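Take a look at the letters that make up each chain.
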Amino acid sequence: EREREREREREQSHFSRKMLTTISLSEWMVSPWAFALTQHPNNTNDVGGRVSRESTTWSQQVEDVYNGNHYDEVDVVAEKKKTLYHHHHHPTDNELYLENATSIAFLLVEQIIILLPILKEAEKTTVPSLLSGNNNIIQMDNITITLDINRTLSSGDEAPQGLKNGGGKGEVRETVNKDHNLREMCKIKSVTIAPEVLHVNQSQQQDQQEQPSIFQSLGLLLLKLYTRQDPLTSDWETSMYNNDGYYNCESSSSIVGEDQDATNNQDGTSINNSNDDSAEFESDMLRALSFLDSENVEEEEEQEQEQSSIPIKRRHNEQMMKQRHNSYSLTELSNNNYTIFSRIRNRYLSTLLLPTSVCRLVSDLIDATTAATTGSKKNSVRKTKTSFTSLHDVLSDLEQMVMSPTMFLHELRNNATPTTLPTTLKLDFGSKLHGRREEISQLMDIVDDISSLRVTGPLEIVSLGGYSGSGKSYLIRQVGRYLSNERGWIFIQGKFDRLRQNYDAFSVVTSAFERFCGQIDEMRENNNNDGKGNNNIGGDDNVEYCSRVSTAVLEALGRTGVDYLSQIMPSLRRVVNDVDYNISGDQSGDDSTSAATGGSSLGGYLHPTQTGDEALMSQRRCEYLLCAFVEAILGVGRPLLLFYDDMQWADASTLEFLRKLLKHLADRNKARKNIMFVEAFRDNIEVKENGNDPVYNAMTSSMESYDSVNITKIKLGGFSKSSLNNILSSVLCLPRRVTCPLSEMIHQKTMGNIFYVIEFMKTLVCPDNNILTYSLAKRRWIWDADSVAVMSISDSVADLLVKKLLCVEKAVLKSLIMASCFGCQVNVSVMELLNGMEGIDNMVQNLEAAVDEGLLEKAGPLFMFAHDSIQQSVYELTPTNELVKLHVDIGLMLISKSATVSKGLIEQIFASAVGHINMALPECPSSSSVDGSGDGGAASAVEFTSSQHIVFAKLNLKAGQKAAIGKSDFSLAEVHLKAGISFLPKNSWTDQYELTLQLSDEYANVLYVQRNLDELQSHVAIILNNAKCMGDKIKAHEFTISAMLQKGSEHLALDHARSVLDSLGFPFPATVGSETVKGIVDSLVETTMAYTPDQLRAFPLMTDKIPLQAMKIMSAIRMQHTFSSPTLFQMLACQMMQLTIKHGLSVESAEAFANFGYCVNAVLLNYGVGYRIGKLALVILERLKATTRVARVYFLVYGFLSLWKEPLQATIEGLQSAINTGLVEGDKTITLYNQSIMCRQMIIAGFNLSETRDKLLRLCWEMMYDKSEHIFSPAFHPTLGDLYVVMYLTGESTDEVYSIFGISPEENEKKLFERYSATNNASVIQLVYYHRMLKSFWFRDYETVIECCEKYVTFKTSMKMLRITDIIHIVFWGLSSLILSRRRNEKELITEGEEAHRKMEFWAKNGSKWNAENKAFLLEAEINFAKGNTAKATTAYEKAIESAHDHKFINEEALACELFGIFCIEEGNLYKGNELLEKARELYEMWGAKKKARSIFYL
């Protein structure tokens, strides 16, 4: 009836969209659905998908990273990992059937587990009665399968006879191939056992002891299922066990004979071999397997026999030789004691391609009998160690087969003959990240947050800690590969080194970005070759991305910046070589600053650093350019994963730069949303003992206080027993229950450290131990459990590695030792230069052999140790005293062969050689070795000749200068300069004076840059005591003055500068009166104004050494250092002008002219002359290409001088140019001042307040050096005051700003008052009243305005200067006085307004009409309004509005409209008055002053 029903369903339609079909298991076995491709990774409704969901709760991307499903085409390492277990292929029909049958078996066992408790409850009987008694509960016809079919066989498709009659799989192949869609259209939904057959009555239980258990019944059923028919004759089936419960293996009919081509079924049908033409081969294979099986008697029997302590392998070999000698036939072998596994395997492995895994599963089920109820040994059944004891274990085995059929179900594809397996099958730990799903999920959650393209969000930092060997690096690299190949990310990394000769830690930072440039170049090259890149995003996208990166980098850095940074990252030049260098928008290298900055990259940094300030600027230049580079590439669009490994070896200066880089990115929304920064470090005792505890030294700890930073801390521990068992199960391709005892022993020894596990497993496989071997007969890995248990392992993996290394060929080991002296990686070309050392001629070939051993990896021109622990173990094989000598020999060998290397490699060879030679020195050479006491030469571990000492000192001097000047890496420079000083011989100040002086001066530079001011002071004292003349002491004096100024000791610095100038013959008075200064300024003005720009372009240069030294000393004293004594700065400016006029131009002369122009304004109030002198300063800059002075000169010219003649908006452009150049040149301090005054002028010039607020907020971020320690730039508090004023006008809440900086407006004013008390700097207190004045004036609190203006003037009496704030102070004081004069009817207040009007009118006529005209008209209008001159007031108001509009002062246009509207209303013209007020409101809105706009009321 069911058959007729299915026939009617087939006749109803040719196609069916979807339907559920239920058939019996026996029917399914002969149906085409048995060969359908049902298990797709993307299908969520099939068995594999359901098992996957039940076995894990992780997302698909987590599983992809976990499984390593992200290899690209060029990943050589990944290709090596694609071993036999992971080889991808299209499944055959037999494999499809096996996979489907396994899915059914899984669901069947799952159903049995569910029903057993129900049966126990329903029948009130015990489970053992079911387990031991009822052989009929699992029968083919009692099991039904529900299929989800999207397409069925049409009525015209006749089921093949072979399927109906149990035909062979060849016929199935033909039918299924008729309609390939069948493979895609069927899913196994469920398996059901008929409930009525589960009823167990007493009659069924009475003979339960003579019935097989449920395990045996299940085993026989699965055997029938997998073989696709009932293959067992009744005799064979009953002979599987006898009445005593012991196996009877004497039936020879169970083994296929030599001439047997087929096996008969119970019903007599023939099961043809699918490969008839290979019958002879299969017979030969079976013969070999049977023969080999005779040598591998079951493990449990061997252990029970306990014959002797002879290793298993030797006993097996002896037995095999004996059997080979006796020439057993297959028939004779069949009479021996074979296991159930052997019988099943020999019968079905070849004829039906039944895999070993299925044979093992079935045999372990049949073996899994339980004790009889009588307890008699005769009625008990023996178990093997692999026998099942629980249905849950069966389910676990089947789950592994379903989830990973290639690994746990199918046979290996290349097992053509058993003898090939030992040479092709090795332990492979694959690419899975076993036990790390939680960590992967954490990382991928961060990735998803970044990839969601949020407008705002924190900078994501991941701090990854763990012991050495815990898999930190591998975890991040796997995630990086996945993101790169599947998500379009860019993955770059750097790795720090522990060896002392590799102190170039800063190069590790830049090496990551050098790799980025290499990837861009590779993308472009791949596109040129084949039109598309290897990246999965595609060739066209890669081309566009490369082009955008090139443009963005050049726009951000400019030509100068690219040239400079290319010295550190050579590949950068290739990134931008396809972009025109003269592109528009390059603010740092074109137009007004191109000439000024053009000499920087080609001149500035190639010359030795002259002063401490210039050295500091060099470091800051490098830092700024790198930050700008990273910001530029992040702004292009693709996210970046930046990974630095082994951060515990990074030095303090490198960590500080990384902190600055992250802070820079955190302040920029567009950049921080496109990067994930990951640091990995060791947190074991070894690192803490060396003083590098990452808990305190990791730079991310200082970032936790930033609101725009989110730090995720992950700690990798050892694997749990369960995770380790999963790993071993995958590696050995054995079920988890089989590997569980082994994994527990290994976990006990390794504590789950994966590196220890791998090395320990390799030790077990090592031929010398042979504890873990692959059995050809059993077709699986086997091990000697007792030997594993007694195998020892130390607290570290070092002993294991040492034992392994000692087994390596001697020449290979020597080559490895020399390679380990270079750290974790070494260039092939460098190793080739060492040929001949230690009698080794084939260095590279030996390292290639180490690659084959898994000790090294090779990537391009680099050999890399597979793990840090390997490098450390190799390195420590050599005793310490011999190791130092080896380093020196390597250094000397490299120097001797340096003349033969290519130009591109010479720098690397040179640096490496010097580093090796320095290993002979003590750990921390001291600068006191050059104190002239006679003990200058530091004791070294290797004896050198006096000439070698001198050579090594010179080499280190050159290396130190190269690091400081060429790379701005002052940490590396410090190492080399210390080493150079240590190599100096005794009495070096006498015997090697010039070399000693040069080393000492350069080392003083480094100390100043690194702010090691205490050591600098003692070091400079040594120089001053030993230098022969004043000229040789001048640099030491410069460092002393600069250090005092950095400490805030301005008075001491000024006194020291005065004493030095006296020594040079240029006496400088301690005090000077203002009248004296005015006389000197007057006399110099006439001389200075006589010079034209052309004359200065031809003016002689300063060549005398003494005046040059005096100019350097005086230029160290700047305006901000002289606020307590204004006349001192004016005298310095005058004296520098006198030296320039008398001795010629120097780079300091541009500053001299700018300073003098400022003094002319302050002393003589002659703004036109001051402006002209300032313009002459720019001519000197252009002539000398003194780009390092641009920011300082522009600060005075555009911040104080040009505004009297040029439009205020133009001065802002000049300040922006100064900022760009100052950042490129590294003059950060003066650049911050430029930014601060530019933002202040933007507020006055009417720039949009929202944009100004953003600039001010970012600037405050830049000025906040350390929030927790309250360390800020000197310009921070004045700038924060400007920010609060802007926010007051916009009406924004200051809570966010307060949360960032922790300083309220009131607290900020308090800080400024405290600073005034400490420094007597009146300008800061003036800014307090200036800010109060602005907020009061714009909201019509004119009484407070006048109070603030009076306070402002009070402090102004001590400072004769005129700034942009002074101008606004005059205008607002005048307007407020005139308005109050009307309100109070106080005519005397009109005088203040008239005075302000005269100043603005004079400025408009004799200075900048653009800046002053509208202000003068507005004051004129208010004066006439106060005096009652209505007509004149109306005309002046209209002119003020027109002038402000024409000159782009939108804020002052709004003010004029507001005051004019009030005038009209008071005069009775309400309509026009309200119209003007509405216009004022609109203009205030356009300006961004929304709060002010809301304060406008109509009458």
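What this report covers is the structure whose coordinates are included nearby.

So, the pattern of salt bridges
For the coordinates displayed, the defined rule picks out 46 salt bridges. Across the pair Arg 737 and Asp 397 runs a salt bridge, and its minimum N-O distance is 2.7 Å. Pair noted here: Arg 737 is in helix α34 (residues 736-750) and Asp 397 is in helix α19 (residues 391-403), with a separation of 340 residues, a long-range link. Like Arg 737, the residue Asp 397 is buried in the burial classification. Taking the shortest distance from any N to any O, the salt bridge between Arg 1382 and Glu 1422 comes out at 2.7 Å. Highlighted residues: Arg 1382 in helix α66 (residues 1364-1384) and Glu 1422 in helix α68 (residues 1409-1427), separated in sequence by 40 residues. Relative accessible area serves as the criterion here: at 23%, Arg 1382 is assigned to the partly exposed category. For Glu 1422, a relative accessible area of 1% gives the class buried.

Points about α66
The terminal C-alpha atoms of α66 lie 30 Å apart, and with 21 residues this matches the ideal 30 Å at 1.5 Å per residue to within 8%. Across the 21 residues that make up α66, a large majority, 18, are buried.

Considering unusual backbone geometry
For Asn 987, which is not glycine, the phi torsion reads 55° and is therefore positive. Secondary-structure assignment places Asn 987 in the loop between α45 (970-983) and α46 (988-991).

Quick notes on the packing of helix α49 (residues 1030-1046) against helix α53 (residues 1105-1115)
Packing of α49 against α53 leaves a shortest axis separation of 10 Å and a crossing angle of 5°. Taken together, the axes of α49 and α53 are roughly parallel relative to one another. Between α49, through Gly 1031, Ile 1034, Glu 1038 and Ile 1041, and α53, the contact on the second element is made entirely by Lys 1105, Gln 1109, Lys 1112 and Ile 1113. Among the residues making up the contact of α49 with α53, the classes are represented as 3 nonpolar, 2 polar and 3 charged.

Observations concerning the sheet that holds strand β13 (residues 825-827)
Strands pair in a sheet through their backbones, by hydrogen bonds, and they do so in one of two ways: parallel or antiparallel. The strand order across the open sheet formed by 3 strands is β13-β15-β14, and the pairing between neighbours is antiparallel. Looking at which strands have only one partner, the edges of the open sheet turn out to be β13 and β14 (856-859). Geometrically, the sheet is characterised by an average inter-axis angle of 25° between neighbouring strands, direction not taken into account. Here β14 pairs with strand β15 (residues 862-865) via 4 bridges, running antiparallel. In the sheet register, Ala 859 faces β15, and the bridge partner there is Leu 862.

Some thoughts on the nonpolar core
When a protein is soluble and globular, its nonpolar side chains tend to lie buried together. Counting 239 residues, the largest nonpolar core has Phe 513, Leu 572, Phe 629 and Tyr 644 as the members making the most contacts within it. In contact with Phe 629, not counting residues within four places along its chain, are Phe 513, Phe 516, Cys 517, Val 553, Leu 557, Leu 565, Met 569 and Leu 572. Listed in part, the 56 residues of the second largest apolar core include Leu 147, Val 191, Leu 222 and Met 407.

Some thoughts on the packing of aromatic side chains
Counted according to the given criterion, the structure contains 37 aromatic pairs. A ring pair is formed by Trp 1338 and Tyr 1484, whose centres lie 6.0 Å apart and whose planes are at 85°; its orientation type is edge-to-face. Of this pair, Trp 1338 sits in helix α64 (residues 1322-1338) while Tyr 1484 sits in helix α71 (residues 1470-1487), and the two are 146 residues apart along the sequence. Just as Trp 1338 is buried, Tyr 1484 falls in that class too. Three or more aromatic residues link up through ring pairs in this structure, and these residues are Phe 1337, Trp 1338, Tyr 1342, Phe 1372, Tyr 1484 and Trp 1487. Its guanidinium or amino end placed over the ring of Phe 388, Arg 737 lies 3.8 Å from that ring's centre, counting from NZ or CZ.

Conventions used here
- Residues numbered from 1 in each chain as written.
- Predicted model: local features only at pLDDT ≥ 70, side-chain atom pairs only at ≥ 80, totals over all residues.
- Heavy atoms only, no water.
- Salt bridge = Lys/Arg side-chain N within 4 Å of Asp/Glu carboxyl O.
- Helix = DSSP H or I, 4+ residues; strand = E, 2+ residues; numbered from the N terminus.
- Buried < 20%, exposed > 50% of the residue type's maximum accessible area, 1.4 Å probe, protein only.
- Expected span 1.5 Å × (residues − 1).
- Axes fitted to C-alpha atoms, helices over the stretch in contact; angles between N-to-C directions.
- Parallel < 35°, antiparallel > 145°, perpendicular 65-115°, else oblique.
- Contact = heavy atoms within 4.5 Å.
- Nonpolar A, V, L, I, M, F, W, Y, C, P; charged D, E, K, R; others polar.
- Pairing = 2+ DSSP bridges.
- Core = buried A, V, L, I, M, F, W, Y, C linked by side-chain atoms within 4.5 Å.
- Phe/Tyr/Trp six-rings, centres within 6.5 Å; stacked < 30°, edge-to-face > 60°.
- Lys NZ or Arg CZ within 6 Å of the ring centre and 35° of its normal.

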